[in-house]
Every structure is written in structure tokens, then in C-alpha cells.
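Topology and contacts: notes
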Amino acid sequence: MIPDLFAADLAAKPDALAGLAAHLRANDPWAGAGIDAGTHLVLLGMGSSHYANAVAAARLRALGVDAVAELASSDLLPAVRPGTVVVAVSASGGSAETLDAVSRYAGRCPIVAMTNVDGSAIEVGAAHVLPMTAGEERGGVACRSFQHTLALWLDLEARLTGGSAARAAVVDVVERSAVASADLLARRDAWLPQLSALALGPDGTHLAAPARRMSSAQQGALMFREGPRRPAVGCETGDWSHVDVYLTKTTDYRLVLFAGSRWEPALVDWVAQRGSTLVAIGDDVPGAAMSLRYAGDEDDDVRLLSEVLVAELVSSSAWGA
């Protein structure tokens, strides 16, 4: 992992997203994957891939599609039944746990491989391959591939539940997410120093996001751990009041809140009572020491694809310091 190249990977996000939007407009990457609204989908991955998969599976289930996301390392993988299709996600195409899980399903059901490396090991024996088209991540961190994985899942969701019009709407979301990312990058000198000072505390950083965008909190926390090696943890906004609130009493608690949950008021109230530091992303949150807005943040799907860039840029800045 190389700090300067990670920063360059982040700077390339707007162009990569614009390229993905053009690709989705011209192609149907899920065509031939053998997936329809009656498929039993099993989503496998590790780390960033699992974070994206878990949000995708929850969204699909909410729309009536039978989908579950599992860590590929689990010894309790779902049983194969009629209609099962496994989608194995690995940016590198070589995650040992994911390859092992695929081997356990091989010959028992169709396997779809989603990867960012052409010709990688995960493609062997796959019935269908979906390139993430995120480009080479020379910094060694799965940042653009994480974003593109989410976008591809949005595309499948639209394909299964809304058809061509819904797919066109996804292309629009990806394009607006490119604009959102460009906006955050263009203005980073204005917001990044203050936000970093507020978010990076002596006792680490906590991140919270709504369940429908839980991947942002998880991936954001991973970026702090993976890059500058700082302690960080991601939490769901509603669950925060049950599992994370306790630390506000005993630590110099720093919270980055990806806004938009209906459970925010309880969180904000506890943070205010305890004098903790709150930074809000994507909305103006009462009591926040800083609220960062960006182009398109009124759209929840744009938030899903864009907001983690804030944590990535803070991580990049701290890593290179």
C-alpha cells in the first residue's frame, strides 16, 4: 500500500464513475448471468466486498428478492437449493477465502464472478464474469472497486425490479455520483483540514450510517485502519444507542455521522449530553461541530456511492502526514 498512489486513486474517482456510467448505458453487464426475480442469490466476499454485498442483499430483500450476503470465510454458508446462484465478489480476484467458498459451491450451482482484475483466479469455472471496470488501484486499497461494486449491485436491483427505465435511473445516479466526488475533491482544501482535526481523536474515530448505507461506515472505518493505521469502527445509526454510546462517557469520542437515519435524534442527544465531537456528512445536523454538504447529497443513492470519499480523503491525508 502506497500513500501517494492511494491519493491518486481517489483523485481518479470522478472519471472512473463517469466511465462506469457510460459502460452501463451501452451494456447490460448482468445479461447472461442467469439471475431473475425468482433466483436465490448468495453473495460472497470479504472486507470491502462484503460491506457492499450486505447492503445490496438487504436492499434486494426489501424489494422481495431472495438474497443473502455471507462472509466467504464462514463455515455456515447457505445450502444450495433450486434456483441458487452464487455471486462471488473480489476486487483482486484472488481472495483466498472467497476462492475457497467458490470451490465449495463449484458444480452445485451457477457461479458469477465480480472482479476488477481481468483473468483472475476467481473467473475459473465461473458461468458469468462481471468486470468492475474501476481501473488499476495502484495504491493497493480497494477504493474505486468498492464504489463500482455498489453501482453494479444497484444496476442488478434495477434490472430485477424496474426494467430499462430503472436501469437508466441508475446510470443517472452514477453520473451524479461522479459530480459529487468531483465536488468533494475540488473543495477539499476548504473542508479537509477542519474535518480531519475534528474526526481524528486520540481515542480513534467512530463512524455511523443508516442501515441502508451501512457500508459507508464500515468502509470508512476500514480506510482509517488500512491506511494510516488508526483505530476506527463503523456502526449503524440506530444501533449506535445500544452498542457505542457507552464510549462517549469515558473517551475523547469523535463521531463521523453519514446523515439520513430517522434514528439520528437519539444519537445527537447523547452526543450533546456527553460533550462528544460530532461531524455530519451529507446534511445539516443540529449540534454538529461541522456539517459537510456536497453536490447531490439530497439523493440517498448518490450518498451511497459518494460519501465514503470523505473518510477516504481524511485517511489519505493522515496517511501521508
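Whatever comes next refers back to the structure up there.
Every chain's residues receive numbers from 1 upward, in the order its sequence appears when written. The predicted origin of the model limits local features to residues at a pLDDT of at least 70 and limits the giving and counting of side-chain atom pairs to 80 or more, whereas totals for whole chains, interfaces and linings rest on all residues. Excluding hydrogens and water, the side-chain figures rest on all heavy atoms present in the structure.

A few points about helix α2 (residues 13-26)
By definition, any uninterrupted DSSP run of H or I lasting at least four residues is a helix, any uninterrupted run of E lasting at least two residues is a strand, and each is numbered from the N terminus. To estimate how far a helix should extend, the number of its residues minus one is multiplied by 1.5 Å. In this model, α2 (14 residues) spans 20 Å end to end at C-alpha, consistent with the 20 Å of a helix rising 1.5 Å per residue. Of the residues making up α2, those classed as buried are Lys-13, Pro-14, Ala-16, Leu-17, Leu-20, Ala-21 and Leu-24. Burial along α2 is one-sided: seen end-on, the buried residues are contained in an arc of 160°. Projecting away from the buried face of α2 at angles above 90 degrees are the exposed residues Asp-15, Arg-25 and Ala-26. Only protein chains enter the calculation, and the probe is 1.4 Å; a residue is then buried if its accessible area is under 20% of its type maximum, exposed if over 50%, and partly exposed in between. In this context, the arc is that of the directions from the helix axis out to the C-beta atoms.

Some words on helix α12 (residues 308-320)
Taking 1.5 Å per residue, 13 residues should reach 18 Å; α12 reaches 18 Å between its end C-alpha atoms and fits that length. By the criterion of burial, α12 is predominantly enclosed, with eleven of the 13 residues buried. Turning to α12, its buried residues number three or more, namely Val-308, Leu-309, Val-310, Ala-311, Glu-312, Leu-313, Val-314, Ser-315, Ser-316, Ala-318 and Trp-319.

Examining the packing of aromatic side chains
In this scheme Phe, Tyr and Trp rings, the latter by its six-membered ring, pair at centre separations within 6.5 Å, and the angle between planes marks the pair as stacked below 30 degrees, edge-to-face above 60, and tilted otherwise. Within this structure, the stated rule accounts for three aromatic pairs. Pairing Phe-6 with Trp-319 gives two aromatic rings, centres 5.5 Å apart and planes at 55°, and the pair type is tilted. Residue Phe-6 is located in helix α1 (residues 3-11), and its partner Trp-319 is located in helix α12; the two are separated by 313 residues in the primary sequence. Both residues of the pair, Phe-6 and Trp-319, count as buried.

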